[in-house]
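Chain residues, written in single-letter form:
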Amino acid sequence: MLNIKIVCVGKIREKSLKDLISEYEKRIGKYAKLEIIELDDEKIPQNASSSIEEQVKITESNKILDKLKKYPNASILLLDLKGKQYTSEEFAEKIDNIQTYSSSTIVFVIGGSLGMSQELLNYSQDKICFSKMTFPHQLIRVFLLEQIFRAFKILNNETYHK
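Rules behind the numbers
- Residues numbered from 1 in each chain as written.
- Predicted model: local features only at pLDDT ≥ 70, side-chain atom pairs only at ≥ 80, totals over all residues.
- Heavy atoms only, no water.
- Phe/Tyr/Trp six-rings, centres within 6.5 Å; stacked < 30°, edge-to-face > 60°.
- Buried < 20%, exposed > 50% of the residue type's maximum accessible area, 1.4 Å probe, protein only.
- Lys NZ or Arg CZ within 6 Å of the ring centre and 35° of its normal.
- Axes fitted to C-alpha atoms, helices over the stretch in contact; angles between N-to-C directions.
- Helix = DSSP H or I, 4+ residues; strand = E, 2+ residues; numbered from the N terminus.
- Parallel < 35°, antiparallel > 145°, perpendicular 65-115°, else oblique.
- Contact = heavy atoms within 4.5 Å.
- Nonpolar A, V, L, I, M, F, W, Y, C, P; charged D, E, K, R; others polar.
- Polar contact = N/O pair within 3.5 Å; in protein donor to acceptor, adjacent residues only side chain to side chain.
- Pairing = 2+ DSSP bridges.
- Expected span 1.5 Å × (residues − 1).
- Core = buried A, V, L, I, M, F, W, Y, C linked by side-chain atoms within 4.5 Å.

Draft legend 1. Seen up close, the packing of aromatic side chains. Scanning all chains against the criterion turns up five aromatic pairs. Judged by centre distance (5.3 Å) and plane angle (85 degrees), the rings of Phe135 and Phe143 are edge-to-face. What makes Phe135 partly exposed here is its relative accessible area of 28%. Among the aromatic side chains, those forming a connected cluster through ring pairs are Tyr24, Tyr31, Phe149 and Phe152. Between the NZ or CZ atom of Arg27 and the centre of the ring of Tyr24, over which it lies, the distance is 5.3 Å.

Dropping the structure here:
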């Protein structure tokens, strides 16, 4: 069974989003073993200078890198605005190709609100962009889970709303 890890900076506080995430975790559980790993975000001072913001980004990215090193054989996919955009069918094919030819573990990474360090960006095999628009990290987590679930439905030729 495929192992999917989602490493993300920040915690979900809104009950409605927690409930939605739990629902997708249950649905995905039929197809893969899913684990969401939440890392504490760094506090960003009001009116922080660019050097302080850069330090926050590096600190959060280093926390992510520490986690990623626990999965040396995993396929690492970063969610990044400069990444490639996929259709749902292409995303499903990507997941299928990874589990067939590359690895039994996929780690998706959602960075902090300031982005990711260059070291972290260089660490991954691939970058995915859900949209050129900016969304709150909490919503991107829901979007990612929904697309993972949709990918499994596509791969198993099961009906799902299009």
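Draft legend 2. Main features of the packing of helix α3 (residues 88–102) against helix α5 (residues 137–155). α5 packs onto α3 with a crossing angle of 75 degrees between their chain directions and a minimal axis gap of 8 Å. By the angle between their directions, the pair α3 and α5 is classed as roughly perpendicular. When α3 is examined against α5, the residues Ser88, Glu89, Phe91, Ala92, Ile95, Asp96 and Gln99 are found in contact with a partner set consisting of Leu144, Gln147, Ile148, Arg150, Ala151, Phe152, Ile154 and Leu155. A class-by-class count of the residues in the contact of α3 with α5 yields nine nonpolar, three polar and three charged.

Draft legend 3. Looking closely at the environment of Thr159. On the secondary structure map, Thr159 appears in the segment after α5. Sequence-wise, Thr159 and Ile44 are 115 residues apart; in three dimensions their C-alpha atoms are separated by 44 Å.

Draft legend 4. Broad picture of the environment of Ser103. Inspection of the secondary structure assignment puts Ser103 in the loop between α3 and β4 (105–110). Given the relative accessible area of 10%, Ser103 is considered buried. In sequence terms Ser103 and Tyr123 are 20 residues apart; their C-alpha atoms lie 16 Å from each other. Apart from the residues lying within four places of it in its own chain, the contact partners of Ser103 are Leu2, Asn73, Ala74, Ser75 and Ile98. Polar contacts involving the side chain of Ser103 include one to the main-chain carbonyl oxygen of Thr105, which spans 2.9 Å.

Draft legend 5. Examining the pairing of strand β3 (residues 75–84) more closely. Across the 10 residues of β3, seven count as buried, placing the element largely inside the fold. Bridging between β3 and β4 involves four bridges; their strand directions are parallel. Of the residues in β4, the one forming a bridge with Ile76 is Val107. The sheet contact formed by β3 and strand β5 (residues 126–128) spans four bridges and is parallel. Bridged to Leu78 within β5 is Lys127.

Draft legend 6. Examining α5 more closely. For α5, with 19 residues, the first-to-last C-alpha span of 27 Å sits near the 27 Å given by 1.5 Å per residue. Remark: Asn157 follows α5 within two positions and exhibits a positive phi of approximately 55 degrees.

Draft legend 7. Inspection of the nonpolar core at higher detail. Ile4, Ile6, Phe108, Ile148 and Phe152 are the most contacted members of the largest nonpolar core, which totals 30 residues. The greatest single-element share of this core, amounting to eight residues, is contributed by α5. Residues within four places of Ile148 in sequence aside, it is in contact with Ile4, Ile6, Ile28, Phe91 and Phe108. Residues Val7, Leu39, Leu65 and Leu121 belong to the second largest nonpolar core, which totals 16 residues.

None of this, on its own, says anything about what the molecule does.
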